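Summary of structural features
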Amino acid sequence: MKYKNPIIPGFHPDPSICRAGDDYYLVTSSFEYFPAIPVFHSRDLMHWDQIGHCITRNDQLVLAKGTPNATGIYAPTIRFHKGIFYVITTNVSNGTGIGENEQNFIIWTKDPGGEWSDPIWLDCPGIDPSLFFDDDGKVYYCGTHGEIYLCEIDIDTGKRKTERTYIWGGTGGCCPEGPHIYKINNWYYLFISEGGTEYGHMLTAARSRNIWGPYEGYSGNPVLTNRSRGTSLKAIGHGDITRDQNGNWWAVCLGIRPVSYPFRHNLGRETMLVPMAWNDNDWPVMGNNGVVEEEVETDCLPACTEMYHSKKEEITVRDTFDSEKLDYAWNFIYNPYPQLWDIASGRGLTLYGNEIALSEADSIAWLGRRQEHHNCIARTEVHFVREQDGEEAGLTVYMNNRHHYEAAVTRQDGEDCIIFRRQIGSLWKTENKIPCTGERIYLEVEATKETYIFRCSMDGTRYEEIGRGETGYLTTETGGVFTGNYIAMYASGNGKKCVRGADFKWFEYSAVSG
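Here the structure is a predicted model, which means the values were calculated and not measured.

The rules behind each value
Residues numbered from 1 in each chain as written. Predicted model: local features only at pLDDT ≥ 70, side-chain atom pairs only at ≥ 80, totals over all residues. Heavy atoms only, no water. Phe/Tyr/Trp six-rings, centres within 6.5 Å; stacked < 30°, edge-to-face > 60°. Helix = DSSP H or I, 4+ residues; strand = E, 2+ residues; numbered from the N terminus. Buried < 20%, exposed > 50% of the residue type's maximum accessible area, 1.4 Å probe, protein only. Lys NZ or Arg CZ within 6 Å of the ring centre and 35° of its normal. Contact = heavy atoms within 4.5 Å. Polar contact = N/O pair within 3.5 Å; in protein donor to acceptor, adjacent residues only side chain to side chain. Pairing = 2+ DSSP bridges. UniProt positions renumbered as here; feature names shortened; annotations may be inferred. Axes fitted to C-alpha atoms, helices over the stretch in contact; angles between N-to-C directions.

Quick word on the packing of aromatic side chains
By the definition in use, this model includes 32 aromatic pairs. Here Tyr199 and Phe263 contribute two aromatic rings whose centre-to-centre distance is 5.7 Å and whose plane-to-plane angle is 25°, an arrangement assigned as stacked. In this pair, Tyr199 sits in the loop between strand E16 (187-194) and strand E17 (202-208) while Phe263 sits in the loop between strand E20 (249-256) and strand E21 (270-278), placing the two residues 64 residues apart along the sequence. The exposure class of Tyr199 is partly exposed, given its relative accessible area of 27%. With a centroid separation of 5.6 Å and an interplanar angle of 55°, the aromatic rings of Trp366 and Tyr486 are classed as tilted. Taken together, the residues span a long stretch of sequence, with Trp366 in strand E28 (residues 365-370) and Tyr486 in strand E37 (residues 486-492) at a distance of 120 residues. For the pair Trp366 and Tyr486, a shared accessibility class is recorded, and that class is buried. In textbook terms, an aromatic cluster arises when at least three aromatic residues are bridged by ring pairs, as seen for Phe11, Phe31, Tyr33, Tyr74, Trp366, Tyr398, Phe482 and Tyr486. The positively charged end of Arg207 is found above the aromatic ring belonging to Trp187, 4.1 Å away from the centroid. When the ring centre of Tyr509 is taken as reference, the NZ or CZ atom of Arg369 above it lies at 4.4 Å.

Thoughts on the environment of Phe191
Mapped onto the secondary structure, Phe191 falls in strand E16. Residue classification places Phe191 among the buried residues on the basis of a relative accessible area of 0%. Separated by 16 residues in sequence, Phe191 and Arg207 have C-alpha atoms that sit 8.6 Å apart. What Phe191 contacts, discounting residues up to four positions off in sequence, is Gly178, Pro179, His180, Tyr182, Leu203, Thr204, Ala205, Ile241, Met276, Pro284 and Met286.

Side note on the side chain of Ser363
For Ser363, the location among the structural elements is in the loop between strand E27 (349-351) and E28. At a separation of 3.1 Å, a polar atom in the side chain of Ser363 contacts the side chain of Lys65. For Ser363, the residues in contact, after removing those within four places along its chain, are Lys65, Ile333, Tyr334, Asn335, Tyr337, Leu340, Asn354 and Ile356.

Thoughts on the pairing of strand E32 (residues 415-424)
Successive side chains on a regular strand alternate, one facing one side of the sheet and the next facing the other. Across the 10 residues that make up E32, a large majority, seven, are buried. Two strands pair when backbone bridges link them, and strand E31 (residues 403-412) and E32 are joined in this way by 10 bridges, in the antiparallel orientation. Its bridge partner lying in E32, Arg411 is registered against Asp416. Between the end of E32 and the start of strand E33 (residues 427-435), which pair antiparallel, lie two residues, with Gly425 showing a positive phi angle near 65°.

As for the UniProt feature "active site" (unreviewed entry) in the protein
Per the UniProt record, "active site" (unreviewed entry) is found at Asp14 and Glu177. Spatially, the listed residues are clustered: although they cover 164 residues, their C-alpha atoms lie within 11.0 Å of one another. Among the structural elements, Asp14 can be located in the loop between strand E1 (2-4) and strand E2 (16-20). Overall, Asp14 belongs to the buried group, its relative accessible area being 5%. Residues within four places of Asp14 in sequence aside, it is in contact with Val27, Thr28, Ser29, Phe31, Ala75, Pro76, His238, Leu254 and Arg269. A distance of 2.5 Å separates a polar atom in the side chain of Asp14 from a polar atom in the side chain of Ser29.

What about the environment of Trp250?
Mapped onto the elements, Trp250 comes out in strand E20. Owing to a relative accessible area of 1%, Trp250 belongs among the buried residues under this scheme. Residues Trp250 and Gly137 lie 113 residues apart in sequence; the distance between their C-alpha atoms is 25 Å. In terms of polar contacts, Trp250 uses its side chain to reach the side chain of Asp244, at 2.9 Å.

Re the sheet that holds strand E14 (residues 165-168)
Backbone-to-backbone hydrogen bonds pair the strands of a sheet. The strands run either parallel or antiparallel. Overall, antiparallel pairing links the four strands, which are arranged E11-E12-E13-E14 in an open sheet. Every other strand in the sheet has two partners, leaving strand E11 (127-133) and E14 as the edge strands with one partner each. Direction aside, neighbouring strands of the sheet carry axes that sit 30° apart on average. Looking at chain direction, strand E12 (residues 139-145) and strand E13 (residues 147-153) are connected through seven bridges and run antiparallel. The partner of His145 across the bridge, within E13, is Glu147.

Pasting the structure below:
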């Protein structure tokens with residue numbers, strides 16, 4: 001039996017997993033995007049369905065603005081204890097207005113696909129927090145603040161019951177972070193990530209008979225890494241483990257799929273699944289001698305109903321925006337303003353462009369979904385009456401406010417037109433402009449590993465290329481930090497509010513996997 005990594009493609013980093021009976025639940029980081037902390041469900045660890053988000057209400061928290069790809073929700077951990085699901089995570093501000101320090105919090109629910117509680121804020125500094133429920137009823141916070149530290153907390157109030165104690169600094173790699181503690185065979189195991197979330201990323205392990213330490217690092221560290229390997233998957237790290245109902249062990253971790261050499265990646269950090277066992281000395285053995293492979297053969301997956309086939313598979317998702325709620329795949333940038341969007345008018349998705357331009361790190365009339373495949377095509381039909389110069393509505397491939405390409409219908413110098421524009425850092429240029437007098441336009445972007453190709457059509461059948469841009473300029477290595485690319489619909493008045501809303505009748509995303 002085979003499965004293929006990533007199990008959750010596209011920008012889904014820092015995965016954490018838990019099991020409740022025969023069901024598995026997984027959460028990932030979401031950074032500046034809202035709703036925040038996507039929640040996934042699976043029965044076999046191979047096929048995952050998104051069932052909701054943990055942060056769905058503006059009054060739960062405020063996401064900081066101003067630093068592209070580097071604020072918001074970092075590294076959540078999910079745990080199931082006595083019928084309750086807990087998620088602990090960090091809302092990072094980086095000095096952009098929420099507070100001087102990162103703010104860690106806990107939320108909880110009995111239904112992971114439903115509404116989650118308001119945050120319980122913690123007096124625990126740093127990032128990448130984790131929860132550990134011990135056999136004696138004590139609950140511990142384990143987090144990162146220079147090194148890995150531990151303290152006992154009250155799970156209901158978030159209050160610290162002990163002082164912070166530093167328990168391990170790792171094996172010498174930079175950025176020890178992402179800690180998780182597990183109790184297995186009377187050992188307390190501590191798994192952390194080192195090397196930074198780049199190409200030297202790795203997972204290391206230590207253990208102790210006492211939760212407070214001292215912790216002994218494994219002589220065979222790192223237990224998981226693809227550094228200096230000629231594999232298609234890179235930057236492997238930030239892992240969490242679970243045991244299935246058959247007694248088999250598994251790890252989830254992040255990794256990337258670079259598109260070129262020198263290595264650059266545009267889909268963000270993705271979620272991988274790794275088989276795991278224990279050696280004769282009770283140390284973990286992960287993957288293929290510590291390496292994560294793109295295709296994995298195993299007979300240990302729980303509840304498998306179908307076999308992975310290596311043949312290519314066509315994927316098409318179409319949204320006509322005729323439901324009461326948006327599909328879980330959609331995100332806003334930062335907390336959404338209700339006055340900027342609508343799906344209740346019967347006109348599809350309506351975006352009411354405000355003064356904010358795509359080049360600004362602020363709340364914009366923008367709705368996007370992750371690019372999850374290197375080779376894909378996205379299309380939309382937009383109806384937009386332009387009343388004043390500068391108003392535009394269109395389709396963008398968006399890494400952050402300083403790195404994006406777009407095709408849009410707009411008005412310039414009193415003339416209606418379609419433009420293709422690129423922004424790469426502080427450099428931007430409108431590279432093509434063609435006349436357009438109609439209110440209806442069809443826009444398309446085709447992605448390959450090397451290029452984004454933008455096209456337009458007046459009738460929805462015959463598409464004409466209007467511009468293209470290199471994939472390499474919309475990659476983390478060139479202009480990003482922690483997120484991957486989105487394909488989004490947007491509207492903007494570029495300094496003034498748009499007089500009318502832009503109606504996006506439908507959106508279609510087609511890809512080829514495998």
